[in-house]
Amino acid sequence: GQNIDQPTEMTATEGAIVQINCTYQTSGFNGLFWYQQHAGEAPTFLSYNVLDGLEEKGRFSSFLSRSKGYSYLLLKELQMKDSASYLCAVRKNAGNMLTFGGGTRLMVKP
Amino acid sequence: ETGVTQSPTHLIKTRGQQVTLRCSSQSGHNTVSWYQQALGQGPQFIFQYYREEENGRGNFPPRFSGLQFPNYSSELNVNALELDDSALYLCASSKTTGPGETQYFGPGTRLLVL
C-alpha cells in the first residue's frame, strides 16, 4: 500500500514564505505531483517531480528526495488568493493512477 | 479551465438508487480517471479508462462501474447507493497513461445521498 502524510492545516501571513511538507512510503515510485484546490473547485496542477531536486515555477517551487520519501512545496510572496488546499499525490510504476494525501489547508492572513 | 467537463454539477439521490455521472475529456486526451473526494479529504482513485478499456482500479466495490466511449468521454455508474457515497466525484483526463503525463481535473459532480 501507500502512505502519504501532509499537515492538515497551516497558517501564514501575506507576503511571507511557507513550506508544505509531504512524506510518502510506496514501492515502485514513479513521480510526485502537487495540486492546488480552492474550496468547492477542482484540483489544478502545480508541479511534478520524478528526479531528486528542486523544480521552480514562478512563486511556487517543489522539491523531491526519493531516498527520504519526502517532498515539499514552497510558496513565496504569499497572496490572499493562495488560501486553498494543497494536495500531494504519488504515482506508482503501473499505469498513471495517483494516490493522494489528505491535503493541507493553507490560510493566508493579512 | 482545463477543458474537462462533467455533468451534472450537483445531484441528490436516495439510498438504494442508481446514478450515472458523465465526463468529457480534454481534446487530444485518451485516458480518463475517476476519483471520489469526501469532504475534507484528498481524492481517492476509483478506476481509469484507456482507449475504452479499464486500465486499473482502486479499492472500490463492483457496484462502482464505468465506461469509456470512442470519443474518450466516460461515465461512472454507481448502483445501490449508500449514504457514504456522498462526495465530490472528479474525473481527470491525460494524453496517455505514460510516465510524466499530467492529469487535468474537471469541476466535479457533487453527489448527496439521503
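Model, not experiment: these values are computed from the prediction.

(A) Looking closely at the sheet that holds strand β7 (residues 60-65) of chain A. Residues and elements named next belong to chain A. What the five strands build is an open sheet, ordered β1-β3-β8-β7-β6; its pairing is antiparallel. In this open sheet, the two edge strands, each paired with only one partner strand, are β1 (3-5) and β6 (53-57). Geometrically, the sheet is characterised by an average inter-axis angle of 15° between neighbouring strands, direction not taken into account. Where β1 and strand β3 (residues 18-25) come together, three bridges link them in antiparallel fashion. Its bridge partner being in β3, N3 is matched across the sheet by Q25.

(B) Region of the structure containing the state of the cysteines. Applying the stated criterion across every chain yields a total of two disulfides over all chains. Paired by a disulfide, A:C22 and A:C88 hold their sulfur atoms 2.0 Å apart. When the S-S torsion is -65°, as for the bridge of A:C22 with A:C88, the disulfide is left-handed. Of the two residues, A:C22 is situated in strand β3 and A:C88 in strand β9 (residues 84-92); the sequence distance between them amounts to 66 residues. Given the relative accessible area of 0%, A:C22 is considered buried. Classification of A:C88 by relative accessible area gives buried; the value is 0%. The disulfide bridge from B:C23 ends at B:C91, spanning 1.8 Å between sulfur atoms. Of note, the bridge from B:C23 to B:C91 carries an S-S torsion of about 60° and is right-handed in sense. You can see B:C23 sitting in strand β3 (residues 19-24) and its partner B:C91 sitting in strand β9 (residues 87-94), a full 68 residues away along the chain.

(C) Main features of the pattern of salt bridges. For the structure shown, the criterion picks out eight salt bridges over all chains. In this structure, A:D82 and A:R59 form a salt bridge, with 2.8 Å as the shortest nitrogen-oxygen distance. Within this pair, whereas A:D82 is found in the loop between β8 (70-75) and β9, its partner A:R59 is found in the loop between β6 and β7, the two being separated by 23 residues in sequence. As far as burial versus exposure is concerned, A:D82 and A:R59 are alike and both buried. Linked by salt bridges that have partners in common, B:R63, B:E82 and B:D85 make up one network.

(D) Examining the interface of chain B and chain A more closely. With 27 residues of chain B at the contact, the number on the chain A side is 18 residues. The junction of chain B with chain A conceals about 1500 Å² of combined surface from both sides, 55% of it contributed by carbon and sulfur atoms. By the criterion of area lost to chain A, the three top residues of chain B are B:P43, B:Q103 and B:F105, representing 27% of everything that side buries. Viewed at the interface, chain A and chain B are joined by zero salt bridges. Linking chain B with chain A are five residue pairs in polar contact (both at pLDDT 80 or more). Breaking the side of chain B that touches chain A down by element, the ones donating at least two residues are β4 (31-37), β5 (44-50), β6 (53-57), β9 and β10 (104-105) of chain B.

(E) Here's a closer look at the sheet that holds strand β7 (residues 64-68) of chain B. Residue and element names in this part refer to chain B. Pairing is antiparallel across the open sheet formed by four strands, whose spatial order is β1-β3-β8-β7. Since the sheet does not close on itself, it has two edges, and those belong to β1 (5-7) and β7, each with one partner. Shown here is a sheet whose adjacent strand axes are inclined to one another by a mean of 20°, direction ignored. As judged from the five bridges shared by β3 and strand β8 (residues 74-78), these two strands associate in the antiparallel manner. In the strand pairing of β8, C23 is matched with S74.

(F) Inspection of the packing of aromatic side chains at higher detail. A full pass over the atoms with the stated rule returns 17 aromatic pairs over all chains. Considering the side-chain rings of A:Y35 and B:F105, the 5.3 Å spacing of their centres and the 90° angle between planes classify their relative orientation as edge-to-face. With A:Y35 in strand β4 (residues 29-37) and B:F105 in strand β10, this residue pair bridges two chains. The exposure class assigned to A:Y35 is buried, which follows from its relative accessible area of 0%. Using a relative accessible area of 2% as the deciding quantity, one classes B:F105 as buried. These aromatic residues form a ring-pair network of at least three members: A:F33, A:Y35, A:F45, A:Y48, A:F100, B:Y35, B:F45, B:Y104 and B:F105.

Parameters and conventions
- Residues numbered from 1 in each chain as written.
- Chains lettered and ligands numbered in written order.
- Predicted model: local features only at pLDDT ≥ 70, side-chain atom pairs only at ≥ 80, totals over all residues.
- Heavy atoms only, no water.
- Pairing = 2+ DSSP bridges.
- Helix = DSSP H or I, 4+ residues; strand = E, 2+ residues; numbered from the N terminus.
- Axes fitted to C-alpha atoms, helices over the stretch in contact; angles between N-to-C directions.
- Disulfide = S-S within 2.5 Å.
- Buried < 20%, exposed > 50% of the residue type's maximum accessible area, 1.4 Å probe, protein only.
- Salt bridge = Lys/Arg side-chain N within 4 Å of Asp/Glu carboxyl O.
- Contact = heavy atoms within 4.5 Å.
- Buried area = accessible area lost by both parts, 1.4 Å probe.
- Polar contact = N/O pair within 3.5 Å; in protein donor to acceptor, adjacent residues only side chain to side chain.
- Phe/Tyr/Trp six-rings, centres within 6.5 Å; stacked < 30°, edge-to-face > 60°.

Geometric values such as these leave the question of function open.
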